[in-house]
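# Residue-level structure breakdown
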Amino acid sequence: MAETSDERHAQFDRMRAEHPVWFDEASRTFILTRLADARAWLADPSQWKDADRAEEGALVRNFKPADMNRPGERDAGIGWMDEPDHSRVRKPIQAAFYRRVATMKGEVQAVVRDQLARLPAGRFDVIADYAMPIPIEVMGRVLGVDTTDTARFRELSEAVLTVFEPTETKRQANKAAAVSILEYFEQVIAERRTSPRDDLVSDLIAAQAATGALSDAEIRVNCLNLLLGGNVTTADLIANGINLLLRHPAELAKLRADPALIGSAVEEILRYEPAVEGAQRVASRDQTLGGCPIRAHQVAAVMSPAANRDPAAFTDPHRFDIARLEAPHITFGAGAHICIGAPLARLEAREAIWALVERFPNLSLADPQAPPEWRPIGSSFHGLVRLEVRT
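Residues numbered from 1 in each chain as written. Predicted model: local features only at pLDDT ≥ 70, side-chain atom pairs only at ≥ 80, totals over all residues. Heavy atoms only, no water.

### Focus: the overall build of the protein chain
- Summing up its helical and strand segments, the protein chain has 15 helices and nine strands in all.
- Across the 391 residues of the protein chain, 53% fall into the buried class.
- Sequence-distant contacts, at least 24 apart, represent 74% of the contacts inside the protein chain between residues at least 6 apart.
- Surface summary for the protein chain: the accessible area is close to 16,800 Å², and the carbon and sulfur share equals 54%. (Helix = DSSP H or I, 4+ residues; strand = E, 2+ residues; numbered from the N terminus. Buried < 20%, exposed > 50% of the residue type's maximum accessible area, 1.4 Å probe, protein only. Contact = heavy atoms within 4.5 Å. Areas by Shrake-Rupley, 256 points an atom, 1.4 Å probe, with all protein chains shown as cover.)

### Describing the side chain of Glu-273
- Within the element layout of this structure, Glu-273 appears in the loop between helix 13 (262-272) and strand 4 (278-282).
- A polar contact is formed between the side chain of Glu-273 and the side chain of His-382, at a distance of 3.1 Å.
- Those residues within four positions of Glu-273 in sequence are excluded, and the remaining contacts are Asn-240, Leu-244, Arg-309, Trp-374 and His-382. (Polar contact = N/O pair within 3.5 Å; in protein donor to acceptor, adjacent residues only side chain to side chain.)

### A look at the packing of aromatic side chains
- Counting across every chain of the model gives five aromatic pairs.
- Ring centres of Phe-124 and Phe-360 lie 6.1 Å apart, and the angle between their planes is 50°; on these two criteria the pair is classed as tilted. Placement of Phe-124 in strand 3 (residues 123-125) and of Phe-360 in the loop between helix 15 (342-359) and strand 8 (364-365) is noted, with a sequence separation of 236 residues between them. The same class applies to Phe-124 as to Phe-360, namely buried.
- Considering the side-chain rings of Tyr-184 and Phe-185, the 5.8 Å spacing of their centres and the 65° angle between planes classify their relative orientation as edge-to-face.
- Taking the relative accessible area as the measure of exposure, Phe-185 reaches 1% and is therefore buried. (Phe/Tyr/Trp six-rings, centres within 6.5 Å; stacked < 30°, edge-to-face > 60°.)

### A few points about the environment of Leu-204
- Within the secondary structure, Leu-204 is located in helix 10 (residues 200-211).
- Looking at Leu-204, the relative accessible area reads 1%, which means it is buried.
- Spatially, the C-alpha atoms of Leu-204 and Ile-189 are 9.4 Å apart, while their sequence positions differ by 15 residues.
- Every residue in contact with Leu-204, bar those within four places of it in the chain, is listed here: Pro-92, Ile-93, Ala-96, Leu-214, Ile-219 and Cys-223.

### As for the nonpolar core
- Tyr-130 and Phe-185 are the most contacted members of the largest nonpolar core, which totals 85 residues.
- No other element matches the 17 residues that helix 11 (residues 216-247) contributes to this core.
- Counting residues in each nonpolar core, the second largest holds 17 residues, with Val-21, Leu-35, Ile-294 and Ala-334 among its members. (Core = buried A, V, L, I, M, F, W, Y, C linked by side-chain atoms within 4.5 Å.)

### Notes on the side chain of Asn-231
- Tracing the backbone through its elements, the reader meets Asn-231 in helix 11.
- Taking relative accessible area as the criterion, Asn-231 reaches 1% and is therefore assigned buried.

Here's what the structure looks like:
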C-alpha cells in the first residue's frame, strides 16, 4: 500500500525530533530535516555541488547524467558545477533570463487565457489539460523555440525525471530524450548565430560573442535544462496548488474573497507540498554538520518536505494557511545554486492558479472521496499523476 502524506510527515517529524541529521547507509547520505540546518548547508559556498566529488558508493554519483551529453560536455549544466565554472556560466544565463522574466507577465497571462479556452467542458484533468501545457508554452516563448507539439515536450520532460531513478532502462530513456532535444538546440543556435531573434537563445549567443564566457555546449545544455527541467516542476506546483485549495475549501474561499493573497498562497503551496524533494551538497572538508561529524566527500541532502514543516520555524506547520507570513521555505534551495527558474515558476503559478479558480467558481474534485494519486515515492519529484476536476 502506498504511503499516505500523513504517514510520510509523521515519519519526518520523528526523524526531526530524534535524528535531525540522520545517516542513510544504503545511499551513503546524511539526511537533514531541520530548516536551519538545511538552509545553512545549502547556502554554504564552500561545499561542493559536483556529484563526481562524492565518495564511492554515494547514490548521488548515479544522479549526474554523465552520458546525456557529448564527450567532454558532461559538466556543461550549471546544476552540477562548482566554482569558478559555476559563476562563469550561471551569471550571464541568469542575467539574460531574469531580464526576460521581468517582462513576461503579459505573455504568461496570454498563455493561461489560451489554455483556459481549450479546456474540455464539464470535466478535465488539471495536469494534462492545463498545468503541463502552460510552462511548456511559456518557456518556449522565452527561448524562442517551437513547442506546439506539447505531447512530445511533455514526454521529454517526464523522461528527464528518470535521471533520479538510476536504472539502466530509465537512464537510456533519459539519454535518448536529452540527445533529441540537444540536437534540436544545436540547430537553433546555428540559426540564431546568423539570424538573431528576440529570444533568450539569441541573448546568450550575444553574451558569448561579447565575453567569451559561454561555450556552445553550455548554451545548449542549459537551454535544455530550462526547457525541460522547469516544465514538470512548474506543472506540479500549479496542480499541487489546485489540489490543496480544493481540499481546503476555507482557504479557497479566503483567496476568492481577497485575490491579493495569491502571492502568499503560492508561497504556502511551495512550503506545504513542494514539487522537488530536496537538494544535496558534497562535504568539501571534514567538519561538523548539525552537531554530527561528516567527512570530506560525504554527501548531505536536504529533505525539503521535512524542513518546510519544521515547528521551530513554522507555527502549526501541518496546517495549510495561504495567509501565512513566516520564515521562507527551502523549496527552491538556497545559496549560489538556488533554482534559476524560481521567478518564472512563481509568476506562472500565480497567474495559472488564480485564473482557474476565478474562471470556475464551482470548481471541485471529480471524486472528492478518492485519495490523491501521487507519483511513486523515490522519484525525487513530488507531483500528482492526474487531477480530475469538475466545473
